[in-house]
Structure formats: C-alpha cells, structure tokens
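# Reading the structure
Okay, here's what each chain looks like letter by letter:
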Amino acid sequence: MIENNILGTILAGGKSRRFGFDKSTVKLGDKTLLDHTLDKIVNKFSEILVVTNNNDIKINKRNIFLINDCIKGQLGPLVGVLSAMNWIKENKKKYSWIATFPCDTPFFNISAVDELIKKSIDGNKKLYFLRSGDKRHNIFGIWSLKLRDTLEEDIKKKFRKVEDWANKIGLETINIDNKKHGNFININTKKEFEEAEQQFTKLK
C-alpha cells in the first residue's frame, strides 16, 4: 500500500548525547539503525523525509529526501516535526498529514504503520500516537498539517517536549499489541545497543 496523503517522516536529528555519536549511523547487523526504519516504511509512503542534522548521511533514492532542522540547535523532535511540515509547504506538496517514526527503534512491526494510516482516514483528531500497555510512544505518531501554525508559535514559546505539547493540544492514542506490532524498545545508550544486538541475533 502506498499512502499518498501522508508524508512518512523519520526523526533523526537528535544529539545522541548518551550514545556518544550519531546513533542513526551505527550498524545493527548489516544495516544502520536509520536503514532499519527506512526499510520498514519505504513501501508504505510515496515519499519519505528524513530530518537529520548529520550532513554526512547520503541516500540515493528518488523518493527519500534529507533535510536539516529548520531551527538550529537540535532542540528536539518538535522542531523536526515542524521542519517536515515546513518542507511540505515550501515544496508545495499536497500532503495533509505527516507520520513520524524514530530512527532508534528497529524492532517495531510494519503493521503498526497501518494503524496510523487508518486514523488519517477515519479519525476525528489532529494528532494520534501509538500506545502499548501503559506506554505512549510519542514519536510513533500521525500529525495533521493543520497543527503547523500552532506548533510554530509554541516552539517560539519554548515548548520542547513532545509529551507536554501533545497534552496541551489534545490527542488520541491507538492501542496496539506488542505481540502483533513488535517491540518498541528504543536505543539510547551503547549498553542498550548491545542488548539490541543480542535480540537481533535471536531474530535472524
């Protein structure tokens, strides 16, 4: 399925402080963490945007685009979301939504993407996040472009945390089952990466 109303967006612009260097470029098996996410979503969207502040990353595919944060300083995922929305506007794209994915959660199942896409069709909210159990996955989300102006203003007012801003705006969560939709553990440290390597080996 190719979704033409949604821009697939990977948020990979973080500082990776706890990891020590840009974790999106570290290899799990024979692919980088960024490539693991790209491979999961590439057949779901007509175009994909990667928001990264690493200018050394190169991707030679006609439907995958790389941009930097629209505000310098690596101020967090909300700026990445705004950057994607601005890119749509500046390039006169017809998308009404962006679907966001982290670059550091390699074990989610692609069926989780379908849950987000469904809400762009039959939902009545402007913001949706996935939830498994008592954990809300704030980067696995679908965001209406109607939120752009409000998001820009709130970033100017120093909003930085996705969770805080989403609670202010109002959202709906989509309940998912880890057994069906995969493991949503994200990698922030080298120790967590070592654990991910062990899990990856078991899945091979």
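First, a word on scope: everything that follows refers to the structure included in this document. (Residues numbered from 1 in each chain as written. Predicted model: local features only at pLDDT ≥ 70, side-chain atom pairs only at ≥ 80, totals over all residues. Heavy atoms only, no water.)

### Comments concerning the overall build of the protein chain
Here is the rule we go by: In this description a helix means any DSSP run of H or I spanning at least four residues, a strand means any run of E spanning at least two, and both kinds are numbered starting from the N terminus. In this treatment the radius of gyration is a C-alpha quantity, and the globule benchmark scales as 2.2 Å times the residue count to the 0.38 power. Relative accessibility thresholds used throughout: buried, under 20% of the residue-type maximum; exposed, over 50%; partly exposed, between the two (1.4 Å probe, protein chains only). Whether two residues are in contact is decided by their heavy atoms: any pair within 4.5 Å suffices. Accessibility throughout is a Shrake-Rupley quantity obtained with a 1.4 Å probe, and a residue counts as covered only by protein chains that appear here. Residues counted as positive are Lys and Arg, residues counted as negative are Asp and Glu, and His and the chain ends are not counted. To locate a charge, the coordinates of NZ of Lys, CZ of Arg, CG of Asp or CD of Glu are taken.
Looking only at helices and strands, one finds seven helices and nine strands in the protein chain. Here the C-alpha radius of gyration of the protein chain, 16 Å, is about what a compact globule of 204 residues would show, namely 17 Å. C-alpha atoms of the protein chain, sized along the principal axes, occupy 45 × 35 × 35 Å. When each of the 204 residues of the protein chain is scored for burial, the buried share is 50%. Taking contacts inside the protein chain between residues at least 6 apart in sequence as the whole, the part at least 24 apart equals 69%. Total accessible area on the protein chain stands at roughly 10,700 Å², and carbon and sulfur atoms take up 46% of it. When the 37 positive and 26 negative side-chain charges of the protein chain are each reduced to one mean point, those points stand 3 Å apart.

### Here we look at the side chain of Ser144
For Ser144, the location among the structural elements is in strand S8 (residues 135–144). Overall, Ser144 belongs to the buried group, its relative accessible area being 5%. Every residue in contact with Ser144, bar those within four places of it in the chain, is listed here: Met85, Ser96, Trp97 and Lys126.

### So, the pairing of strand S6 (residues 97–102)
Note the threshold: The rule for pairing is simple: two strands pair if DSSP sees at least two bridges between them.
The buried fraction of S6 amounts to six of the six residues, a majority that puts the element mostly inside the structure. Residues Trp97, Ala99 and Phe101 point to one face of S6 and Ile98, Thr100 and Pro102 to the other, with burial holding for every one of them. As paired strands, strand S1 (residues 6–12) and S6 are joined by six bridges and run parallel to one another. Bridge pairing links Leu7 to Ile98 in S6. Where S6 lies against S8, four bridges are found, and the strand directions are antiparallel. Bridging from a neighbouring strand, Trp97 pairs with Ser144 of S8.

### Structural notes on the packing of helix H4 (residues 148–156) against helix H5 (residues 162–169)
What counts is decided by this rule: Where helices are involved, their axes are fitted lines through C-alpha atoms of the stretch in contact, as for all axes, and angles between N-to-C directions lie from 0 to 180°. Roughly parallel means an angle under 35 degrees; roughly antiparallel means over 145; roughly perpendicular covers 65 to 115; every other angle is labelled oblique. The crossing is said to be left-handed when, going from far helix to near helix, the turn is anticlockwise and less than a right angle, and right-handed when the turn is clockwise. For this classification, Asp, Glu, Lys and Arg are treated as charged, while Ala, Val, Leu, Ile, Met, Phe, Trp, Tyr, Cys and Pro are nonpolar and the rest, including Gly, are polar.
The N-to-C vectors of H4 and H5 enclose an angle of 130°; their axes lie 12 Å apart at closest approach. When the axes of H4 and H5 are compared, the pair comes out oblique. The two elements H4 and H5 meet at a crossing, and its hand is right-handed. Residues Thr150, Leu151 and Asp154 of H4 form the contact with H5, whose own contacting residues are Trp165, Lys168 and Ile169. In the contact of H4 with H5, the residues fall into three nonpolar, one polar and two charged.

### Here we look at unusual backbone geometry
At Lys92, a residue that is not glycine, the phi angle is positive and equals roughly 55°. When you line up the elements, Lys92 lands in the loop between helix H2 (77–90) and S6. What makes Lys92 exposed here is its relative accessible area of 73%. Residue Lys158 is not a glycine yet carries a positive backbone phi of 80°. In this fold, Lys158 is placed in the loop between H4 and H5. Note on Lys158: relative accessible area 63%, which makes it exposed.

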